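Chain by chain, the residues:
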Amino acid sequence: MERDGGDLERADPGPVGDFHTNVMERLNPSNPLRLVINGGSRVVTPTPRHPPPPPISTPPPPPQHQSVATLNSAGYTNKISLFVFSLHMAAAIGLVCFLVYRAVDGLIDARDKTRRREERVLRHFLPQVEAASLLSITLAFLWQKAFRMWPRFMIHLILWASFAMSLSAGILLICFQTPSTDGVGVCLIAFAVGNGLYACWVTRRIGFSTKVLIKSLEPVAKFPDLNHPTYWMLVAGFFWMSLWIMAVIGALNFYFPPLIIFGLVLSLMWTAEVMRNVANLTVSRVIALYYLRGMQSSTNSCFQRALSRNLGSACLGSLFVPAIEALRILARGLNLLEGEDEFMFSCAHCCLNVMNSIFSYGNSWAFVQIASYGKGFVKASQDTWELFKIRKMEPIVDSDITSSICFLTGVCSGSICLIAVAAWTFAVHKGFTATISMLSFFVGYLMTRIAMALPHACVSCYYVCYSEADNPDARLYGKIIQDRLSLIEAGRDVVAPTPRIPRRFAQPS
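Everything in this summary refers to the structure shown in the same document. Predicted model, so just to flag it, every value in this text is computed and none were measured. (Residues numbered from 1 in each chain as written. Predicted model: local features only at pLDDT ≥ 70, side-chain atom pairs only at ≥ 80, totals over all residues. Heavy atoms only, no water.)

## Thoughts on helix α9 (residues 203-216)
Rules: A helix here means a DSSP run of H or I that spans at least four residues, while a strand means a run of E at least two residues long, and both kinds are numbered starting from the N terminus. To estimate the expected span of a helix, count its residues, drop one, and scale the result by 1.5 Å. Only protein chains enter the accessibility calculation, which uses a 1.4 Å probe; a residue is then buried when its area is under 20% of its type maximum, exposed when over 50%, and partly exposed in between.
Over its 14 residues, α9 extends 21 Å from the first C-alpha to the last, a length consistent with the 20 Å expected when each residue adds 1.5 Å. Among the residues of α9, those classed as buried are Arg205, Ile206, Phe208, Ser209, Thr210, Val212, Leu213, Lys215 and Ser216.

Dropping the structure here:
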């Protein structure tokens, strides 16, 4: 290097010097030859003919550790809801224990009238409802196993079996020819008619929903113990409902029986929904980590997380999601009707817009992000729905029938329990027929809903994780959603959307 510098300094001016100057001009600015030569007075720093390119800045690698830390969030979600639910459970346990004591106390009461009444209730009330509980938990296990083995067949079966069973239950109750059973029977027949119309209306959606269900259930085979949390919730639900039934009998021997039984029903509904969503959160975390990180996480640790850190979100979601979705379905049903009263249908359209806005703040899709990232329920609902909007998946997820299939499976189980128990009760004690029929339907529905948490969670993870992936892996997701989006954008596919405004409103007068 020094030798080259000395040769350049001793060079005489002339063509050789010009040649070296040209060589210097072509050198990289960082080359040592561009430096001052031996401290001489002449510094060769010619102006380059072209400005040097700006230095290339390499972007920093994505902070993967931050994502992993988010997935392992240790904070508790929705603490106020968790506190309220804990108070509710403490009060419910205390009330149930007290009412069970009242039921037992009535049996050993010295007064013959009270004892005879309690013995009659236990003889003609308790066996049927306990039998309904056993039948419901058996059906719950069978439905879940059948959906994992034959998903295509089960979707078609449930759509029409729920229609047939609810219609049969309604006709059976009307045949008993008592005012109370007639009222319950008419309600079941009306529901069966709506169920049949819905089964005809969603015919075009069955094929796509079947493909999604089959694909979303594929990761379940990689986790042999994934069903265990659902089984634990079913067993816990069975024992709690058995105590709850005894509490209902004890309420008959206390002040204001209708009010107490109504409170017990509301408490059981919330508790059973929380059990279902605990199973939902467990399955969602296991499947979501598999989709997002390719991890095979421990089912037990995910179950413990759902029972502790994410329990508050499960409580809040269990309280509001059923009501929000029911009102949204009602508003969408009203918008399907045609009539001459434009004011009424304008109000129905306004109500639907309100329910759609509320739905973005509270929906069942949120449980995937609650389980994955430890977000609060409202934040997870907003982020998930925003992802669907960005990926233009709203019409697809809005037309998914998985949640409806899970609901109708519960209705089918409840109707089967009602048919079995109502005939038995009418034969031994006609006065209890309507009450026991409703209780058996209620118990059968709730137990099956807990069991159907697994397929529902798998489908939710499939949609939500697909919307999060920048480049969805075809090996995990296939091309089901991608092909459907392409068909929708090309206008060659009909998702059977719910009409938002009656067509005549959009026509110019």
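## Comments concerning the packing of helix α15 (residues 366-373) against helix α20 (residues 453-468)
We count it as follows: To obtain each axis, a line is fitted to C-alpha atoms, and for helices this fit is confined to the stretch in contact; angles are then taken between N-to-C directions over 0 to 180 degrees. Should an angle fall under 35 degrees it is called roughly parallel, over 145 degrees roughly antiparallel, and 65 to 115 degrees roughly perpendicular, with every other angle called oblique. The contact rule is simple, with two residues in contact once any of their heavy atoms fall within 4.5 Å. Any residue that is not Ala, Val, Leu, Ile, Met, Phe, Trp, Tyr, Cys, Pro, Asp, Glu, Lys or Arg is counted as polar, Gly included; the first ten are nonpolar and the last four charged.
Direction vectors running N to C along α15 and α20 enclose 70°, while the axes themselves pass 9 Å from each other. Comparing the axis directions of α15 and α20 gives the class roughly perpendicular. Facing α15, whose interface residues are Val368, Gln369 and Tyr373, α20 presents Ser460, Cys461, Val464 and Glu468. Partitioned by chemical class, the residues of the contact of α15 with α20 number 4 nonpolar, 2 polar and 1 charged.

## Let's talk about the state of the cysteines
Counted only if it meets this: In what follows, a disulfide is any cysteine sulfur pair within 2.5 Å.
Counting across every chain of the model gives 0 disulfides. Cysteine 412 forms no disulfide, and the closest cysteine sulfur to it belongs to cysteine 417, at a distance of 9.7 Å. On the basis of relative accessible area, cysteine 417 is assigned to the buried category, the value being 0%.

## Considering unusual backbone geometry
The residue glutamine 177 is not glycine, and still its phi comes out positive at about 60°. Note on placement: glutamine 177 falls in the loop between α7 (151-175) and α8 (179-201). With a relative accessible area of 66%, glutamine 177 lands in the exposed category. Here the phi dihedral of lysine 392 falls at roughly 60°; this positive angle occurs in a residue that is not glycine. One can find lysine 392 in the loop between α16 (377-390) and α17 (394-398).

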